[in-house]
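# Structure assessment
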Amino acid sequence: MLTETEVSRTWGQLFKGQAITDEVIAKAESLLDELRLESPLRHRLEMELSELRERVV
């Protein structure tokens, strides 16, 4: 299991300068799975991912 710091760092690298593809979204979802359900970071990143999905569609 990754720490919140590691997830946050990896999340930033995942979306930095890349097109948002299905593969990137899948990687982001797997990062979210590393966080506890009650984690505030998880909630924030889930919201970000939801907004990114809306932009792609």
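See the structure printed just above.
A brief report on the enclosed structure follows. The shown structure was predicted, so the numbers you read here are calculated from the model rather than taken from an experiment.

This paragraph deals with the overall build of the chain. What the chain contains, in helices and strands, is three helices and zero strands. The helix and strand sequence of the chain, counted from the amino end, reads α-α-α. Taken over the C-alpha trace, the chain has a radius of gyration of 11 Å; the compact-globule value for 57 residues is 10 Å, and the two agree within 12%. In the chain, which comprises 57 residues, the share counted as buried stands at 28%. Of the contacts made within the chain by residues no fewer than 6 positions apart, 50% connect residues no fewer than 24 positions apart.

Further remarks concern the pattern of salt bridges. Going through the model one piece at a time under the given rule, you end up with six salt bridges. In this structure, the salt-bridge partner of Arg42 is Glu46, at a minimum N-O distance of 3.1 Å. Linking Arg42 with Glu46, this pair stays in helix α3 (residues 40–56), spanning four residues, or about one helical turn. Through salt bridges that share partners, Glu4, Arg36 and Glu38 make up one connected network.

The subject of this paragraph is the packing of helix α1 (residues 4–15) against α3. Packing of α1 against α3 leaves a shortest axis separation of 11 Å and a crossing angle of 15 degrees. Taken together, the axes of α1 and α3 are roughly parallel relative to one another. α1 and α3 meet at a crossing whose hand is left-handed. Packed against α1, whose contacting residues are Glu4, Val7, Ser8, Trp11 and Phe15, the element α3 presents Leu41, Leu45, Glu48, Leu49 and Leu52 at the interface.

Okay, the nonpolar core next. Ranked by internal contacts, the top residues of the largest apolar core, which has 14 residues, are Trp11, Leu14, Phe15, Ala28, Leu45 and Leu49. It is helix α2 (residues 22–33) that provides the largest number of residues to this core, a total of five residues. Sequence-distant contacts of Leu14, that is, excluding residues within four places in its chain, are made with Val24, Lys27, Ala28 and Leu31.

Each value, and the rule that gives it
Residues numbered from 1 in each chain as written. Predicted model: local features only at pLDDT ≥ 70, side-chain atom pairs only at ≥ 80, totals over all residues. Heavy atoms only, no water. Helix = DSSP H or I, 4+ residues; strand = E, 2+ residues; numbered from the N terminus. Rg over C-alpha atoms; globule rule 2.2 N^0.38 Å. Buried < 20%, exposed > 50% of the residue type's maximum accessible area, 1.4 Å probe, protein only. Contact = heavy atoms within 4.5 Å. Salt bridge = Lys/Arg side-chain N within 4 Å of Asp/Glu carboxyl O. Axes fitted to C-alpha atoms, helices over the stretch in contact; angles between N-to-C directions. Parallel < 35°, antiparallel > 145°, perpendicular 65-115°, else oblique. Left-handed = near helix turned anticlockwise from the far one by under 90°. Core = buried A, V, L, I, M, F, W, Y, C linked by side-chain atoms within 4.5 Å.

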